[in-house]
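Geometric and topological summary
Each chain is listed here by its residues.
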Amino acid sequence: EIRPLHDVLIVELEPDKKTTGGGIIIPDTVAEPVRIAKVLAVGPGKSWKSLVTGEWRFWPTEAKPGDRVAFMMANLETKQGSALCYALGGNCGLIRETDVLLVIPEGDNTEVRA
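Along each chain, the written sequence defines residue order, and numbers are assigned to residues from 1. A pLDDT threshold of at least 70 governs which residues receive local features in this predicted model, and a stricter bar of 80 or more applies before side-chain atom pairs are shown or counted, although totals over entire chains, interfaces and linings include all residues. The basis for every side-chain value is the complete set of heavy atoms in the structure, and neither hydrogens nor water enter the calculation.

1. Thoughts on the overall build of the protein chain
Spelled out, the test is: Helix numbers and strand numbers start at the N terminus; a helix is a DSSP run of H or I with at least 4 residues, a strand a run of E with at least 2. Think of it in three bands: with a 1.4 Å probe and only protein chains considered, a residue is buried below 20% of the maximum accessible area for its type, exposed above 50%, and partly exposed in between. Contacts are assigned to residue pairs with any non-hydrogen atoms lying within 4.5 Å of each other. All accessible-area figures derive from a Shrake-Rupley calculation using a 1.4 Å probe, and residue coverage is judged against the displayed protein chains alone.
The number of helices and strands found in the protein chain is one helix and ten strands. Element order for the protein chain, N to C, with α for helix and β for strand: β-β-β-β-β-α-β-β-β-β-β. Buried residues in the protein chain amount to 31% of all 114 residues. Looking at the protein chain alone, contacts between residues at least 24 apart form 68% of all its contacts between residues at least 6 apart. Of the roughly 7900 Å² of accessible surface on the protein chain, 57% is carried by carbon and sulfur atoms.

2. Quick word on the layout of surface pockets
Basically, it comes down to this: The distinction between a cavity and a pocket rests on a 1 Å grid over the protein atoms alone: a 1.4 Å probe fits inside a cavity but cannot get out, while a pocket stays open yet meets protein on both sides within 12 Å along at least five of seven lines, and a residue with an atom within 4 Å of a point counts as lining. Grid points are joined across faces, edges and corners, and a volume is the space filled by probe spheres set on the points. Under the scheme applied, nonpolar residues are Ala, Val, Leu, Ile, Met, Phe, Trp, Tyr, Cys and Pro; charged residues are Asp, Glu, Lys and Arg; polar residues are all the others, including Gly.
The volume enclosed by the second largest pocket comes to roughly 280 Å³. Lining the second largest pocket are 16 residues, with Trp59, Pro60, Glu62, Glu97 and Thr98 positioned closest to its centre. Of all elements in the fold, only β3 (45-49), β4 (56-60) and β10 (100-104) reach the threshold of two or more residues within the lining of the second largest pocket. By residue number, the principal contributor to the lining of the second largest pocket is β10, which donates four residues. Classifying every residue of the lining of the second largest pocket by side-chain character gives nine nonpolar, three polar and four charged.

3. Digging into unusual backbone geometry
The residue His6 is not glycine, and still its phi comes out positive at about 55 degrees. Within the secondary structure, His6 sits in the segment before β1 (8-13).

4. Looking at the nonpolar core
Where we set the bar: Each nonpolar core is a collection of buried residues, namely Ala, Val, Leu, Ile, Met, Phe, Trp, Tyr and Cys, held together in the definition by side-chain atoms within 4.5 Å.
Within the largest apolar cluster, ten residues are counted, these being Leu9, Val11, Leu13, Ala37, Val39, Ala63, Val69, Phe71, Ile95 and Val100. For this core, the secondary-structure elements that each account for two or more residues are β1, β2 (34-42) and β5 (68-72). Counting residues per element, this core draws most heavily on β1, at three residues. Excluding residues within four positions of it along the chain, Val100 makes contact with Leu9, Val69, Ala70, Phe71 and Ile95.

Structure (structure tokens):
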């Protein structure tokens, strides 16, 4: 069993939409920058040292397994800035919780468009 550490999430990407609501076919070269994924596993959280008091603090992970989250796809495909993420086998990937834009409530079928 794979277990993520710190504030890392293992997510399963939802399939890309190949057509719009009106039936227009979207080519593969025009990928959506925002993707939605289901959280499969989460790390316990992140420890950090306060610059003011010098004490170590713990920030627990807010995302839970089963949540649907939206994040920028560039975070999964590129190594830009602090958003270093990895694609796992199949349709899964690793992202940091800080890269999550929003959590979509259960049962909500909202489509996220950038």
